[in-house]
Protein chains: 6
Amino acid sequence: MRISARNQIPGKIVQVAKGQTTAHVRVDIGNGVIVTSSITNEAVDDLGLKPGDDVVAIVKASDVMIGK
Amino acid sequence: MRISARNQIPGKIVQVAKGQTTAHVRVDIGNGVIVTSSITNEAVDDLGLKPGDDVVAIVKASDVMIGK
Amino acid sequence: MRISARNQIPGKIVQVAKGQTTAHVRVDIGNGVIVTSSITNEAVDDLGLKPGDDVVAIVKASDVMIGK
Amino acid sequence: MRISARNQIPGKIVQVAKGQTTAHVRVDIGNGVIVTSSITNEAVDDLGLKPGDDVVAIVKASDVMIGK
Amino acid sequence: MRISARNQIPGKIVQVAKGQTTAHVRVDIGNGVIVTSSITNEAVDDLGLKPGDDVVAIVKASDVMIGK
Amino acid sequence: MRISARNQIPGKIVQVAKGQTTAHVRVDIGNGVIVTSSITNEAVDDLGLKPGDDVVAIVKASDVMIGK
């Protein structure tokens, strides 16, 4: 399945931190940039996310702001 | 001003396309990755965004999904 | 690729309306419910979205509110 | 009060799981589809959300992606 | 209907600007603060939004960032 | 750095409640209105957010709905 989200950045998981309902997943996208994703624990379990996994960080264009 | 958003990725604007109310700004963040941002025309005008500008693509952690 | 978004609802596209930069895609998910999605024109072109297509409406859990 | 969000899907709550600050509410919208919503504990308490409640899952059109 | 969104700020519409698919609605919430909302043209028509209307600007808590 | 988000409302923090991964920050923006923000614990620590701080509540225009 392909998805409409314009931003799909490949990287590698460097950390998965689960809370009671919400988890934070950190993805190294290269160039020294770490992207942080806040998703449900269920999503972490469902996809079996763990450090070292090759993944894609996905962001809808309407959720990207510009700073200058 | 510093902001709480966990993802602040530096890059350079490569394209600004304005519609009637909504503009698309494309930012080269290196490694061949282009990030697309959908913002208001007013924001483009207010910040004077144009190709070649050094900017930061900003995304709240809760707006990042993971694909695997 | 599987994605972390908790809500992935299958349906059929019933309308695609493009503006200058932003398109509205309407998806019939059954039971008489039509879901409206606002995405970039580029996404519509990239995925070749058109009425009759079998698609999936995808929503991150943190973007769902409850009314009662 | 009517709201601008284009997607307002009726259903019935099947589960409420509270964490320390964030709760997950699952809503059966029929056809075997369960929608997951991530909201604050305060919202759960304020609206008195519990399994069996007839509710509406609300999503802004700009938060809906399309997969194909 | 009450909704789970934690931020519901009363104000008065001061401008409605429609594009081809997306409209910008500006709401004066007092204290000299104008809130800008980007919604579909269909929502504007459906609710009959126009300058002078008493409305509520609604924002989910997970969509609010903090700058300091 | 200036950012594209159209809504940047000044206020004062009245409460910071941290969960295991997600924190809720409440900001008094005047006129008796309290804005609730849901952000990561890391953001709270990184910016050193605490009651009494003068801050800005930031919301992208595409995340604002209208109720009438």
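Scroll up for the structure.
**Description of the environment of Lys50(B)**
Residues and elements named next belong to chain B.
Line of reasoning, step 1. Its place among the elements puts Lys50 in the loop between helix H1 (41-47) and strand E4 (54-59).
Line of reasoning, step 2. A relative accessible area of 45% means that Lys50 is categorised as partly exposed.
Line of reasoning, step 3. Between the alpha carbons of Lys50 and Ala17 there is a distance of 9.7 Å; along the sequence they are 33 residues apart.
Line of reasoning, step 4. Separated by 2.9 Å, the side chains of Lys50 and Asp53 make a polar contact.

**Description of the interface of chain A and chain B**
Line of reasoning, step 1. Each partner contributes residues to the interface: chain A has 34 residues there, and chain B has 34 residues.
Line of reasoning, step 2. Along the contact surface separating chain A from chain B lie 2 salt bridges.
Line of reasoning, step 3. Put simply, Lys68(B) and Asp53(A) hold a salt bridge, and the shortest N to O gap is 3.0 Å.
Line of reasoning, step 4. On the surface where chain A and chain B come into contact, there are 16 residue pairs in polar contact (both at pLDDT 80 or more).
Line of reasoning, step 5. Elements that contribute at least two residues to the side of chain A that touches chain B include exactly strand E1 (7-18), strand E2 (22-28), strand E3 (34-40), strand E4 (54-59) and strand E5 (65-67) of chain A.
Line of reasoning, step 6. Considered class by class, the residues forming the side of chain A that touches chain B number 19 nonpolar, 9 polar and 6 charged.
Line of reasoning, step 7. For E5(A) and E4(B), the ladder comprises 3 bridges, and the chain directions are antiparallel. In the strand pairing of E4(B), Met65(A) is matched with Ile58(B).

**Some words on the relation of the copies chain A and chain F**
Line of reasoning, step 1. Between the two copies, chain A and chain F, the superposition gives an RMSD of 0.0 Å; the rotation angle is 120° and the shift along the axis is 0.0 Å. Here the two chains are linked by the operation of a three-fold rotation axis.

**With respect to the pairing of E2(A)**
Residue and element names in this part refer to chain A.
Line of reasoning, step 1. A large share of E2 lies buried, amounting to 6 of its 7 residues.
Line of reasoning, step 2. The pairing of E1 with E2 spans 6 bridges and is classified as antiparallel. When the bridges of E2 are listed, Ala17 appears paired with His24.
Line of reasoning, step 3. In this structure, the hairpin formed by E2 and E3 is closed by a connection of 5 residues, where Gly30 is found at a positive phi of approximately 90°.

**Observations regarding the sheet that holds E2(A)**
Line of reasoning, step 1. A sheet is described by the order of its strands in space; here 5 strands give the open sequence E3(A)-E2(A)-E1(A)-E4(A)-E5(B), paired in antiparallel fashion. Each having just a single partner strand, E3 of chain A together with strand E5 (65-67) of chain B make up the two edges of the open sheet. Across the sheet, the mean angle separating the axes of adjacent strands is 45° when strand polarity is ignored.
Line of reasoning, step 2. Pairing of E2(A) with E3(A) involves 7 bridges; the strand directions are antiparallel. From the neighbouring strand, His24(A) faces E3(A), where its bridge partner is Ser38(A).

**Topic: the pattern of salt bridges**
All names here are of chain C.
Line of reasoning, step 1. Counted by the stated rule, this structure contains 42 salt bridges over all chains.
Line of reasoning, step 2. Asp45 is paired through a salt bridge with Lys18; the nearest N and O atoms lie 2.5 Å apart. In this pair, Asp45 sits in helix H1 (residues 41-47) while Lys18 sits in strand E1 (residues 7-18), placing the two residues 27 residues apart along the sequence.

**Focus on the relation of the copies chain A and chain B**
Line of reasoning, step 1. Turning chain A through 180° and shifting it by 0.0 Å along the axis lays it on chain B, with an RMSD of 0.0 Å. The relationship between the two copies is best expressed as a two-fold rotation axis. No C-alpha of chain A lies nearer the rotation axis than that of Asp63(A), which sits 3.2 Å from it.
Line of reasoning, step 2. Interface overlap between copies is the fraction of interface residues in one copy that are interface residues in the other; for chain A against chain B it reaches 100%, indicating a shared surface.

**Overview of the sheet that holds strand E4 (residues 54-59) of chain E**
Sheet strands line up and pair through hydrogen bonds in the backbone, either parallel or antiparallel.
Line of reasoning, step 1. Spatially, E3(E)-E2(E)-E1(E)-E4(E)-E5(F) is the arrangement adopted by the 5 strands of the open sheet, whose pairing is antiparallel. Among the strands making up the open sheet, the edge pair consists of strand E3 (34-40) of chain E together with strand E5 (65-67) of chain F. Looking at each pair of strands side by side, their axes are set apart by 45° on average, direction ignored.
Line of reasoning, step 2. Both strand E1 (residues 7-18) of chain E and E4(E) contribute to a ladder of 6 bridges, which runs antiparallel. Among the inter-strand pairings, Gly11(E) is bridged to a residue of E4(E), identified as Val55(E).

**Some remarks on the side chain of His24(E)**
Line of reasoning, step 1. Tracing the backbone shows His24(E) in strand E2 (residues 22-28).
Line of reasoning, step 2. Separated by 3.5 Å, the side chain of His24(E) and the backbone oxygen of Thr21(B) make a polar contact.
Line of reasoning, step 3. Non-local contacts of His24(E), meaning those with residues more than four positions away in its chain, are made with Thr21(B), Thr22(B), Thr40(B), Glu42(B), Gln15(E), Val16(E), Ala17(E), Ser37(E) and Ser38(E).

**Concerning the interface of chain A and chain F**
Accessible area lost when the parts come together is the quantity often used to give the size of an interface.
Line of reasoning, step 1. Listed as interface residues are 14 residues of chain A and, on the opposing side, 13 residues of chain F.
Line of reasoning, step 2. Interface area lost by chain A to chain F is led by His24(A), Met65(A) and Lys68(A), which between them contribute 40%.
Line of reasoning, step 3. A salt bridge links Arg26(A) to Glu42(F); its shortest N-O distance comes to 3.4 Å.
Line of reasoning, step 4. Seen at the junction of chain A and chain F, the total is 8 residue pairs in polar contact (both at pLDDT 80 or more).
Line of reasoning, step 5. The residue inventory of the side of chain A that touches chain F, partitioned by class, reads 4 nonpolar, 6 polar and 4 charged.

Calculation criteria
- Residues numbered from 1 in each chain as written.
- Chains lettered and ligands numbered in written order.
- Predicted model: local features only at pLDDT ≥ 70, side-chain atom pairs only at ≥ 80, totals over all residues.
- Heavy atoms only, no water.
- Helix = DSSP H or I, 4+ residues; strand = E, 2+ residues; numbered from the N terminus.
- Buried < 20%, exposed > 50% of the residue type's maximum accessible area, 1.4 Å probe, protein only.
- Polar contact = N/O pair within 3.5 Å; in protein donor to acceptor, adjacent residues only side chain to side chain.
- Contact = heavy atoms within 4.5 Å.
- Salt bridge = Lys/Arg side-chain N within 4 Å of Asp/Glu carboxyl O.
- Nonpolar A, V, L, I, M, F, W, Y, C, P; charged D, E, K, R; others polar.
- Pairing = 2+ DSSP bridges.
- Least-squares fit on C-alpha atoms with pLDDT ≥ 70 in both.
- Axes fitted to C-alpha atoms, helices over the stretch in contact; angles between N-to-C directions.
- Buried area = accessible area lost by both parts, 1.4 Å probe.

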